[in-house]
Amino acid sequence: MPAYDPNNIFAKILRGELPCYKVYEDDKALAFLDIMPRAPGHTLVLPKAPARNILDVPPDDLAHVAKVAQKIAKAAMTALGADGITVQQFNEGPGGQVVFHLHVHVIPRMAGVPMKPPAEFKEKPEALAEMAKTLMAALAAG
Ligand code: 5GP
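Everything quoted here is computed from the prediction, not taken from an experiment.

Participant: Looking at this model, I keep getting lost on the sheet that holds strand β3 (residues 43–47). Mind explaining?
Facilitator: Each strand in a sheet pairs with its neighbour through backbone hydrogen bonds, running either in the same direction (parallel) or in the opposite one (antiparallel). Strand order in the open sheet formed by 5 strands is β1-β2-β3-β5-β4, and the pairing between neighbours is antiparallel. Because the sheet does not close on itself, it has two edges, and the strands there are β1 (22–25) and β4 (84–88). On average, each strand axis in the sheet is inclined to that of its neighbour by 20°, with strand direction left out of account. Two strands pair when backbone bridges link them, and strand β2 (residues 29–33) and β3 are joined in this way by 5 bridges, in the antiparallel orientation. Each bridged residue has a counterpart across the sheet, and for L33 the counterpart in β3 is T43. Of the strands in this sheet, β1, β2, β3, β4 and β5 (104–109) are in contact with helix α2 (residues 59–79), which crosses β3 at around 155°. Packing against the sheet, helix α3 (residues 125–141) makes contact with β1, β2 and β3, and its axis sits at approximately 30° to β1.

Participant: Is there a simple way to explain the packing of α2 against α3 in this structure?
Facilitator: How two helices sit against one another is set out by the angle between their axes and by the gap between those axes. Contact geometry of α2 with α3 gives a least axis separation of 9 Å together with a crossing angle of 110°. Considered as vectors, α2 and α3 are oriented roughly perpendicular to each other. Across the interface between the two elements, K71, I72, A75, A76 and A79 from α2 touch T134, L135, A138 and L139 from α3. Among the residues forming the contact of α2 with α3, the class breakdown is 7 nonpolar, 1 polar and 1 charged.

Participant: Can you walk me through the nonpolar core in this structure?
Facilitator: Counting 21 residues, the largest nonpolar core has V23, Y24, L33, V45, I72 and V106 as its most contacted members. Counting residues per element, the ones that place at least two in this core are β1, β2, α2, β5 and α3. Take this core: its biggest share by element is 7 residues, from α2. Beyond its immediate sequence surroundings of up to four residues, I72 is in contact with V23, Y24, A31, T43, V45, V106 and L139. Among the nonpolar cores identified, the runner-up in size contains 7 residues, and F10, I13, L30 and V99 belong to it.

Participant: Looking at this model, I keep getting lost on a nonpolar patch on the surface. Mind explaining?
Facilitator: On the surface, M1, I54 and L55 cluster together into a nonpolar patch covering about 310 Å² of accessible area. Looking at the secondary structure, you find M1 in the segment before α1 (9–14).

Participant: What is the right way to read the environment of A73 from this model?
Facilitator: Mapped onto the elements of the fold, A73 is located in helix α2. As a C-alpha pair, A73 and H42 span 31 residues in sequence and 10.0 Å in three-dimensional space. Not counting residues up to four positions away in its chain, the partners in contact with A73 are I85 and V106.

Participant: For this particular structure, what's the right way to read the side chain of R52?
Facilitator: Position of R52 relative to the elements: it lies in the loop between β3 and α2. If near-sequence neighbours (up to four positions away) are discounted, R52 is found in contact with M1, P2, A3, Y4, E92, Q97, F100, H101 and L102.

Rules used in this analysis
Throughout, residues of each chain are indexed from 1 in the direction in which the sequence is written. Local features are withheld for residues below a pLDDT of 70 in this predicted model, meaning they are given only at 70 or higher, and side-chain atom pairs are given and counted only at 80 or more; totals for whole chains, interfaces and linings count all residues. As a rule here, side-chain values come from all non-hydrogen atoms in the structure, and water together with hydrogens is ignored. Strand pairing follows a simple DSSP-based rule, namely that at least 2 bridges must link the two strands. Working definition: helices are DSSP H or I runs of at least four residues, strands are E runs of at least two. Numbering for both runs from the N terminus. Axis definition: a line fit to C-alpha positions, over the contact stretch in the case of helices; interaxial angles, taken between N-to-C directions, run 0 to 180 degrees. Residue contacts follow a heavy-atom distance rule, with two residues in contact if any of their heavy atoms lie within 4.5 Å. Geometric relationships in this document are graded by angle, where less than 35 degrees denotes roughly parallel, more than 145 denotes roughly antiparallel, 65 to 115 denotes roughly perpendicular, and other angles denote oblique. Charged means Asp, Glu, Lys or Arg here, nonpolar means Ala, Val, Leu, Ile, Met, Phe, Trp, Tyr, Cys or Pro, and polar covers whatever is left, Gly included. In these notes, a set of buried Ala, Val, Leu, Ile, Met, Phe, Trp, Tyr and Cys residues joined through side-chain atoms within 4.5 Å is what counts as a nonpolar core. Throughout this description, buried means an accessible area under 20% of the type-specific maximum (1.4 Å probe, protein chains only), exposed means over 50%, and partly exposed covers the range between. Only residues whose relative accessible area exceeds 30% and that form no salt bridge enter a patch; like-charged residues are grouped when within 9 Å of one another, and nonpolar side chains (Val, Leu, Ile, Met, Phe, Trp, Tyr) when within 5 Å. Per-residue and other accessible areas follow the Shrake-Rupley method at a 1.4 Å probe size, with only the shown protein chains counted as cover for residues. Note on definitions: salt bridges are taken to be side-chain nitrogens of Lys or Arg within 4 Å of carboxyl oxygens of Asp or Glu.

Listed below in C-alpha cells is the structure:
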C-alpha cells in the first residue's frame, strides 16, 4: 500500500488550508459535510491523525471515529427526521476509495429515496451551511 500523502484534500482541510462545512470536532476527530452528498446531511468523519484508510489506522483512532459516526447518525435521525442511516467506508482504489485520508460516510436516508450516485451532484453552499448549522445544533443539544 502506498504511504500516506500529506497533500491529500482532507489533510488540507484538517490543517485549515481548505474550508469545510464543519459538523463536529474534538481533539481526535473532525466531521464535515460531503460537498457532493449522496443524500442530504451526508457527513464524513475523519481521525485527525494521519491514516490512509482502515489498513493503517491505529485501532484506537478507528474506534474513536466509530463513536463520532454514531453521534452523528443519532443527531441526523432526530434533527433531520431521517428514517435510517447508511454508513460506508472505502479502502484503496479498488475498494472504492477516492480520497486517501481515512473517512467514514454517515448518510441519512429517507424511506423510499435512493442514494444519488457518488460525485454526481454538487450541493449549493447555502444549503451546506444551513445543514451544518442544523446538525451542529443537534449534536450540541446531545
Ligand atoms: P471516498 O474516498 O470514500 O470514495 O469518498 C470521498 C468523498 O469525498 C466523496 O463522497 C466526495 O464527494 C467527497 N469529496 C471530494 N472532495 C471533497 C472536498 O473538497 N470537500 C468535501 N467536503 N468532500 C469532498
